[in-house]
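Commentary on secondary and tertiary structure
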Amino acid sequence: MSKRLYPHRLVRYWQTYDVDDICAVFSDLRLHPQTVRKWIKNGLKITDKGRPALIYGNDLITYLKENNNKNKCKTDFDQLYCPSCQDARHIFENKIHVTQDVQKLSVKGICRTCKKPMYQFYKLSDLSKLRHKFKLVGVSELYDCEHPHGKTHLETITDSTLGESTTGDLFDDKR
């Protein structure tokens, strides 16, 4: 089976498709007609044995959902997906680097097996769980309300010597 995930939301439920129509729907993913023929051999239902092979949209949606779920890898909270090993792996020395995106946390770790980088996204509310599970090596642009630090506001300069000169000392013509 293919490792690529095809979005089933592009397929219309009540429409019938032939092989070329399916390739046109997934043209941005460069789906080849031979791949669709392989899907038919592997269990994608066709309407009848006639030519061209016609496929109902609801059957294609069901097949794509099953195929996409088969190719997904389930990870535990303390694991990340390693693209090199193509499996869920634990993190080397249990150390992660966390950066905050707009609505999520981006976590980077190193695979214990192949020593290559792994990435995963978490919710902002998972920060306390991440602190308990892992050693946070680098934390970029995070603000935690439970543990605030003193550098949340800019320090104001209250030096009285940096004011304007009232006597006109700056603009003397005595050069």
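Report follows, based on the coordinates. Since the structure is predicted, the reported quantities are computational estimates derived from the model, not experimental observations.

1. Regarding the overall build of the protein chain
Looking only at helices and strands, the protein chain features four helices and seven strands. Order of helices (α) and strands (β) in the protein chain, N terminus to C terminus: β-α-α-β-α-β-β-β-β-α-β. Within the protein chain, buried positions represent 25% of all 175 residues. When contacts within the protein chain are restricted to residue pairs at least 6 apart in sequence, long-range pairs at least 24 apart make up 49% of them. Accessible surface, the protein chain as shown: approximately 13,400 Å² in total, 50% of it carbon and sulfur.

2. With respect to the state of the cysteines
Summed over all chains, the structure comprises zero disulfides. Of all cysteine sulfurs, the one in cysteine 114 lies closest to cysteine 111, which takes part in no disulfide; the gap is 3.8 Å. Here cysteine 114 is not cross-linked by a disulfide; its sulfur's nearest cysteine counterpart is in cysteine 82, at 3.5 Å.

3. Some remarks on unusual backbone geometry
The linkage connecting arginine 51 with the following residue, proline 52, adopts the cis geometry, with an omega of -10°. Along the chain, proline 52 falls in the loop between α2 (33-41) and β2 (55-56). A positive phi angle is found at arginine 30, which is not glycine, with a value near 55°. By the element assignment, arginine 30 lies in the loop between α1 (19-25) and α2. Classification of arginine 30 as exposed rests on a relative accessible area of 75%. Its identity as a non-glycine residue notwithstanding, asparagine 94 has a phi of 55°, on the positive side.

4. Section: the environment of glutamine 100
The topology assignment puts glutamine 100 in strand β4 (residues 87-100). Using a relative accessible area of 26% as the deciding quantity, one classes glutamine 100 as partly exposed. Distance in space between the C-alpha atoms of glutamine 100 and lysine 123 is 9.8 Å, their sequence separation being 23 residues.

5. Here's the deal with the pairing of strand β6 (residues 117-123)
Going residue by residue along β6, you find Met118, Gln120 and Tyr122 tucked away on one face and Pro117, Tyr119, Phe121 and Lys123 left uncovered on the opposite face. For strand β5 (residues 104-111) and β6, the ladder comprises seven bridges, and the chain directions are antiparallel. Note that in β6 the partner of lysine 104 across the bridge is lysine 123. The loop that links β5 with its antiparallel partner β6 comprises five residues; one of these, lysine 115, has a positive phi angle of about 60°.

6. A word on the nonpolar core
Ranked by internal contacts, the top residues of the largest apolar core, which has 16 residues, are Ile22, Leu31, Trp39 and Leu60. Elements represented by at least two residues in this core include exactly α1, α2 and α3 (57-70). Ranked by the residues each element gives to this core, the list is headed by α3, at four residues. Filtering out sequence-adjacent residues up to four positions away, isoleucine 22 remains in contact with Tyr17, Leu31, Val36, Trp39, Ile55 and Leu60. Listed in part, the 13 residues of the second largest apolar core include Leu80, Cys82, Ile96 and Cys111.

Parameters at a glance
Residues numbered from 1 in each chain as written. Predicted model: local features only at pLDDT ≥ 70, side-chain atom pairs only at ≥ 80, totals over all residues. Heavy atoms only, no water. Helix = DSSP H or I, 4+ residues; strand = E, 2+ residues; numbered from the N terminus. Buried < 20%, exposed > 50% of the residue type's maximum accessible area, 1.4 Å probe, protein only. Contact = heavy atoms within 4.5 Å. Areas by Shrake-Rupley, 256 points an atom, 1.4 Å probe, with all protein chains shown as cover. Disulfide = S-S within 2.5 Å. Pairing = 2+ DSSP bridges. Core = buried A, V, L, I, M, F, W, Y, C linked by side-chain atoms within 4.5 Å.

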